[in-house]
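Fold and contact review
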Amino acid sequence: MSHDTKDSLLSKVEKGRLKKLKGRAVLSQGSCSSNSPGITCYDDAYELRSLLKKLNPNESKEDVCPWGPSIDHFHSNHLDFSDPQNWKLTEGSDHGNLIQSLLLGTMDAGSSKNDSSNEEKKKIMNKKRKHENSDEESTRRENSPPSWARLHNMALTQNVAVIEFAISLPNDESLAVMPSSRIKQVPSESILLSKLIQREGCNGRKALPLRCTLFQGERPRNSSDILMYIGKTSKKKKKSKTESSEDSRENVPMTNEDMHHDIVNKLNVLTLSMEKMRVEGYPMLIEGEEGKQKQSSEDQSEAISRLVNATKTLAHIDTNQDKDENNVGLVFDKVTSDEIVNSLAVEVVLKSQKQECPSSYYVTSCLLRHELLGHDSMNVYSVDCEMVRTTEGFELARVTLLKLCPSMDDPEKYVIILDEYVKPQHHVVDYLTKYSGIKPQMLGNVTTTLEQVQATLLCIICKDDILIGQSLENDLKALRFAHFNVVDTAVLFRSSEGKKYSLKHLSAILLKQKIQGDYKNGHCSEEDAAASLILAVRRARLGITFKVQEKGKSVSLLSVINRLKKDSLDDRPPFFQYHHGPIVCIGPNEWLVHHVTSHSIASALQCDSISSSTVNAISSYLRPTNRRATLLWSRLCIGGNDMNAEGANAKVDELIHNIIALSPPSTVVLLIFQRGFDHVKQCHKQRSLRKCDRSTLGWSQDDEEKYLENLEIARNCEAFWISSSKVENI
C-alpha cells in the first residue's frame, strides 16, 4: 500500500493525534539523555495502537506498535557496559519495587486529551477506593520506582516477565555461568547479552546490566523471597493535612442532628459498589427487568400504598433515645404480609445457588425516605440473623435490627428496632446452637413467618438508608431481602491479602470487647449486630487508620494481583484495567507450592531444570497471541550431575534468544542470576543446630568464615532489565 493511500485511511484529526503520540513515543538514539517520560497515559497507549492498526489494516501481527517501554539508569548513556565494573550496584528491593511499579503503579489511566475531566474522575474514584482498599493503596504508593531508574513509555508495557536463574553448580562452574564472567572472557559477538548491553542494543531491544545486593543480614534469601513479596512497614504514617483537618473537625461542637448527618456522610463513602456486591455474592436484581416478576400493577400499587402509610406512621412515633429498646414489632399480620410480599416479589441472581430455599420470595427495599418525609436525612441500621438447618437448607430463626441514634455524648448509641424469632418453613434437622444460639424451646411457640419479617423490613428500611452487617450477604439471603446501600465490615476490614477477619476477632482487636464467648449458648444476634455497627461507625469517624495492623508482614505480590483481578475494572490499577491475560508461573514443584499454588489466579507449570522442555513455554507465553501472559514468573534451576557450565550457558543463551525473537517490544523482562543459595541454605540450617547450647558438635571460627563467604556468594547477584531500545526506527 502506497504512502498516499495509507494517509487516506486516517482523518485529519487522527493524523494530528498520531503525529503527536508518535513524537512522544519516539526517543531518538541521540537524545538518550532526555528525561522525557514518553507515553504514560494508558488511554494514549491504546489510542496509538488503534491508529497504527487503522493505518496498517493488513498487518497480521497482534501488536503493531513498533515502540515499547524502555528502562535505563540516569548515567547509562556515558558508560561502557562491556566492563562489568561499570554496572551500577543496586538493592534487591529496588527490583521488587520496579516490578510493583510496572504492575501496580498509578500512572495516568486517562488520556492527555481531557486532563481536567480525568482529574475530577480520579478524585471521585480515589475517595471511594481510599476506604475499600486502604492497605492495597498504601502498598502502591510506597513501592515507587527506584531513584536510579529512568523510565520511558511505561504505558506501552503489555506484559512483564521475571526469570530467576538459580545456579547450584560447584563454585568455579557456577561463576562461569554468571554473565559478568562470560562477558569478560568471551568475545561479545558470540553472546546475545553482550550485544543487548551495547548502547544501540540488538533487534530493537536492549538490556540494562546491574549488580545486585539481593538481601541484608546473615539469613540467606533467594530472589523469589525478595522480588515476589511486598514488604510491610511498621512505621506510623504521618497524617496528611486532609486527615488532620478531619480530626480537627471531630472536636468542633455539633448538635445531635449534625452528628447524625456527619456520620451518615462518612458511612456513605464506605458503602460497597454494585460490582463489589456482585463479586461478594450479594443477591442482585436481574438486569434489564429490574428483577420484577409478572405481578399486576394494581396489586403492586396497593402494596406500595400500605407500605407508605406504615412508614409514615413509624416515622411519627417518638423514639425515646433514653431507652435501650424501641422495638416496633411486626407491622402487618400474616395475611397482609403474604399479600405484600407476593405483590412485590422480585427475581434475583445469586453467585451460588446451593443451600438456597426455593419456596420463599425475595423482596427489595423500594421506598425513598426523602420523598416520603421531605428531608434528606437517611437512617442507619445494622442487622444480624441466626439460622438453623432444615430439610431444605438454611432458614431464618431470629432477626435483630438496630438503628443508629448518635448523640453528642454517645456517637455510637443505638436502639433495637426489631428482634423476632421466626418459625422455619420446613422441618429443622439441626439447630446449630453452637453458632446460632437457637434451642428447640425458643422456637416452640413461635408463629412469626418470614413474610411478616420481610413486610416489616420494607416499612422500616428505605432504599436510601444504610444497612450494616458482617458478611451481610448471608443475612440478606436468609431474609430473602435485597438492598443496595450496604457497609460490610468483613470487606471493610479485610487484610491486604484479601483475608476476611471474623467478627469475634475484629471486636477483640479493635473494640477490646469479647463476643461469641459462650460455647454452649452460641451467638447473640443483638451482640453481633451491635459489634458490626460500632466497627463501621468508628471506621467512618476515625478513618483508615482504624484497622487491624499487619506490622512487619510481607504480602505476596501474586496475592495482591489475585485480589485486584476480582475487582471491577475501575478499581484496578491502570495496567490491569487494560491487560487481562493469564498469570503464569513456571518452576520446580517445591517453589510452586511455597510461592504460587496458594494463589488461585496463577497457572502453575512444573519445570525442575533449565534442561526441561517446559522451558519453551516461557517464550511461547510471551508471544503476542490471545494466550499471552500478562505476568510470567519463572524460576529455572541450573545444576545437577548432568549439567556443566558450558551446557548451562547454551541453555541460557537459547532462552534469551527465543524471548527476544518471539516477544514484541511491549514486553519488559527481568533476568536475575543467583548462585549458591541451595548450598548456603543447608549451611545455615547446620549453623543454627550446631550453635545451639545443646549441640556437642560446636561451630568453629573456620566454619563461620566459610559460611559468611558462601553467604556473600548468594547475596551478590546480577540483574538485566530487557526492554525496548530508544531508537527512532526499529
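Residues numbered from 1 in each chain as written. Predicted model: local features only at pLDDT ≥ 70, side-chain atom pairs only at ≥ 80, totals over all residues. Heavy atoms only, no water.

Let us now look at the overall build of the protein. Within the protein one finds 29 helices and 22 strands. Here the protein holds 730 residues, and 52% of them are scored as buried. Considering only contacts in the protein between residues 6 or more positions apart, those separated by 24 or more positions represent 77%. Only carbon and sulfur atoms are counted for the fraction: they give 48% of the accessible area of the protein, which is about 33800 Å². (Helix = DSSP H or I, 4+ residues; strand = E, 2+ residues; numbered from the N terminus. Buried < 20%, exposed > 50% of the residue type's maximum accessible area, 1.4 Å probe, protein only. Contact = heavy atoms within 4.5 Å. Areas by Shrake-Rupley, 256 points an atom, 1.4 Å probe, with all protein chains shown as cover.)

On to the packing of aromatic side chains, then. Scanning the model with the defined rule gives seven aromatic pairs in all. When the ring of Phe493 is compared with that of Phe546, the centres are 5.9 Å apart and the planes differ by 80°; the resulting orientation is edge-to-face. Of the two residues, Phe493 sits in the loop between helix H20 (489–492) and helix H21 (503–511) while Phe546 sits in the loop between helix H22 (525–542) and strand S17 (555–556), which places them 53 residues apart along the sequence. What makes Phe546 buried here is its relative accessible area of 10%. Here Phe673 and Phe720 contribute two aromatic rings whose centre-to-centre distance is 6.0 Å and whose plane-to-plane angle is 85°, an arrangement assigned as edge-to-face. (Phe/Tyr/Trp six-rings, centres within 6.5 Å; stacked < 30°, edge-to-face > 60°.)

Looking at the secondary structure, you find Glu718 in strand S22 (residues 716–724). Arg675 is the oppositely charged side chain nearest to the buried, salt-bridge-free Glu718, at an N-O distance of 7.2 Å. Among the polar contacts listed, one links the side chain of Glu718 to the side chain of Ser180, at a separation of 2.4 Å. Among all residues touching Glu718, those that are not within four sequence positions of it are Trp87, Met178, Pro179, Ser180, Leu210, Leu671, Ile672 and Phe673. (Lys, Arg positive; Asp, Glu negative; His and termini not counted. Salt bridge = Lys/Arg side-chain N within 4 Å of Asp/Glu carboxyl O. Polar contact = N/O pair within 3.5 Å; in protein donor to acceptor, adjacent residues only side chain to side chain.)

Let's shift gears to the sheet that holds strand S2 (residues 88–91). Within the open sheet, the eight strands sit side by side as S2-S5-S22-S21-S4-S20-S18-S19. Their pairing is mixed. Of all the strands in the sheet, just S2 and strand S19 (602–606) have a single pairing partner and so form its edges. Averaged over all adjacent pairs, the angle separating strand axes in this sheet is 20°, with direction ignored. Relative to strand S20 (residues 631–638), strand S4 (residues 159–167) is paired through eight bridges, and the arrangement is parallel. Bridging across to S20, Ala161 finds its partner in Leu632. Against the sheet, helix H4 (residues 92–104) contacts S2, S4, strand S5 (205–213), S20, strand S21 (667–675) and S22, and its axis sits at roughly 75° relative to S2. Helix-sheet contacts for helix H29 (residues 701–715) involve S5, S21 and S22, and the interaxial angle to S22 is about 5°. (Pairing = 2+ DSSP bridges. Axes fitted to C-alpha atoms, helices over the stretch in contact; angles between N-to-C directions.)

Once that is clear, we can look at the pattern of salt bridges. In total, this model carries 23 salt bridges according to the counting rule given. With a shortest N-O distance of 3.3 Å, Asp262 and Lys266 are connected by a salt bridge. Here Asp262 and its partner Lys266 are both found in helix H12 (residues 256–270), four residues apart, which amounts to about one turn of the helix. A relative accessible area of 22% places Asp262 in the partly exposed class. With a closest N to O distance of 2.8 Å, Glu339 and Arg306 form a salt bridge. Here Glu339 is found in helix H15 (residues 334–343), whereas its partner Arg306 is found in helix H14 (residues 297–316), with 33 residues between them in sequence. Here the salt bridges do not stand alone but share partners, grouping Arg17, Arg24, Asp44 and Glu47 into one network.

Counting 108 residues, the largest nonpolar core has Leu103, Phe165, Ile618, Trp633, Ile638, Leu671 and Trp721 as the members making the most contacts within it. It is helix H27 (residues 645–662) that provides the largest number of residues to this core, a total of seven residues. Those residues in contact with Leu103 that sit more than four places away from it in its chain are Val160, Leu557, Ile561, Pro573, Phe575, Phe576 and Leu631. Of all hydrophobic cores here, the second largest spans 42 residues; its members include Ala310, Cys385, Val422 and Leu450. (Core = buried A, V, L, I, M, F, W, Y, C linked by side-chain atoms within 4.5 Å.)

Scored by pLDDT, the protein has a mean of 83; 82% of the residues are at 70 or more. Looking across the protein, the model is least confident in helix H11 (residues 241–250), with a mean pLDDT of 43, and most confident in strand S16 (residues 486–488), with 97. Low pLDDT, under 50, characterises residues 233–251; the predicted model gives this stretch eleven contacts beyond four residues in sequence or across chains. (pLDDT = per-residue confidence, 0-100.)

What follows covers the state of the cysteines. Within the structure shown, the criterion is met by zero disulfides. The structure places no disulfide on Cys212, whose sulfur is separated from the nearest cysteine sulfur, that of Cys717, by 5.4 Å. Classification of Cys212 by relative accessible area gives buried; the value is 1%. (Disulfide = S-S within 2.5 Å.)

Attention now moves to the packing of helix H28 (residues 677–690) against H29. What describes two packed helices is the angle between their axes and the distance between those same axes. Taken N-terminus to C-terminus, the directions of H28 and H29 make an angle of 145°; their axes are 9 Å apart at the nearest point. Crossing of H28 against H29: the hand is left-handed. Of H29, the residues touching H28 (which contributes Phe677, His679, Val680, Cys683, His684, Arg687 and Arg690) are Asp703, Glu704, Tyr707, Asn710, Leu711 and Ala714. Taken together, the residues of the contact of H28 with H29 break down into six nonpolar, three polar and four charged. (Left-handed = near helix turned anticlockwise from the far one by under 90°. Nonpolar A, V, L, I, M, F, W, Y, C, P; charged D, E, K, R; others polar.)

The subject of this paragraph is H4. In this model, H4 (13 residues) spans 18 Å end to end at C-alpha, consistent with the 18 Å of a helix rising 1.5 Å per residue. Most of H4 is tucked away, with twelve of its 13 residues classed as buried. Turning to H4, its buried residues number three or more, namely Gly92, Asp94, His95, Gly96, Asn97, Leu98, Ile99, Gln100, Ser101, Leu102, Leu103 and Leu104. (Expected span 1.5 Å × (residues − 1).)

Our next topic: the environment of Gln454. As for its position among the elements, Gln454 is in helix H18 (residues 450–460). Note on Gln454: relative accessible area 0%, which makes it buried. Between the C-alpha atom of Gln454 and that of Leu330, which follows or precedes it by 124 residues, the distance is 9.7 Å. The residues contacting Gln454, other than those within four sequence positions of it, are Val341, Tyr361, Tyr362, Val363, Leu479 and Arg480. A polar contact is formed between the side chain of Gln454 and the backbone oxygen of Arg480, at a distance of 3.0 Å.

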